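# Chains, contacts and geometry: an overview
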Amino acid sequence: LFGIFFFGVIITLFVSGSTIAKELEQRTAYTVLARPIKRSWFIAGKFTGIAMTLATLTISMALVFFALLIFRLNIHVVDLSLILAIIYLYLELLVISALLLLFSSFTSSVLSVIYGFAVLMIGHSTPTIVALIHDTKSIFRYIFLAIYYIFPNFEKFNLRNDAVYHIHPNPLEVLLVFGYATV
């Protein structure tokens, strides 16, 4: 599961981070935007294309993962928690790509990749840091709480450890995570 996450994040960073920035640098976006379409449709089209690419990538890597489980480890029953972990991973990649499209609309492709990676690392580490400083009364607690509420919490999408131990999430939690990803 980590391999799917790792390669998905790498591909998301470089595809989403350079999509709009390269079109603006090479001025190919201006020919599309000169037509009577809204700019929001242009961004939505880019996001839809990236979402379809990530869906194809995630499904193909998941099929390889399940084939390895079946043929190498002789596990013939695929647990629902594994499928949910892969769906959550796809939702996380979609949130990252949306942020990268935002960053690439006003920065260069290199900076948008760096910003996206930084947001990804902050989003995965803030719940741990907030849990560690929960009992302190210093100013750092309020700074980290502000960071926690500003940045997306990517640990909500992390079901990889639960999937290994066949722990199924609460159905309400599944709905809340889908809602969190759409907002």
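Let us look at the structure shown here.

Analysis parameters
- Residues numbered from 1 in each chain as written.
- Predicted model: local features only at pLDDT ≥ 70, side-chain atom pairs only at ≥ 80, totals over all residues.
- Heavy atoms only, no water.
- Axes fitted to C-alpha atoms, helices over the stretch in contact; angles between N-to-C directions.
- Helix = DSSP H or I, 4+ residues; strand = E, 2+ residues; numbered from the N terminus.
- Parallel < 35°, antiparallel > 145°, perpendicular 65-115°, else oblique.
- Left-handed = near helix turned anticlockwise from the far one by under 90°.
- Contact = heavy atoms within 4.5 Å.
- Nonpolar A, V, L, I, M, F, W, Y, C, P; charged D, E, K, R; others polar.
- Patch = residues over 30% accessible without salt bridge, like charges linked within 9 Å, V, L, I, M, F, W, Y side chains within 5 Å.
- Areas by Shrake-Rupley, 256 points an atom, 1.4 Å probe, with all protein chains shown as cover.
- Salt bridge = Lys/Arg side-chain N within 4 Å of Asp/Glu carboxyl O.
- Buried < 20%, exposed > 50% of the residue type's maximum accessible area, 1.4 Å probe, protein only.
- Expected span 1.5 Å × (residues − 1).

### Overview of the packing of helix H4 (residues 80-104) against helix H8 (residues 171-182)
- One can describe the packing of H4 onto H8 by two numbers: an axis separation of 10 Å at closest approach and a directional angle of 20 degrees. The angle between H4 and H8 places the two elements in the roughly parallel class. The chirality of how H4 crosses H8 is left-handed. Mapping the contact onto sequence places Leu 84, Ile 87, Tyr 88, Leu 91 and Val 95 in H4 and Glu 173, Val 174, Val 177, Phe 178 and Ala 181 in H8.
- In terms of residue class, the contact of H4 with H8 is built from nine nonpolar, no polar and one charged.

### So, a nonpolar patch on the surface
- A cluster of nonpolar residues, Phe 2, Phe 6, Phe 7, Ile 10, Ile 11, Phe 14 and Val 15, forms a patch on the protein surface that exposes about 650 Å² of accessible area.
- Residue placement: Val 15 occurs in helix H1 (residues 2-25).
- Among the residues examined, Val 15 registers a relative accessible area of 34% and is labelled partly exposed.

### A closer look at H4
- Its 25 residues place the ends of H4 36 Å apart at the C-alpha level, agreeing with the 36 Å of an ideal helix rising 1.5 Å per residue.
- Taking burial as the measure, the 25 residues of H4 include 19 buried ones, the bulk of the element.

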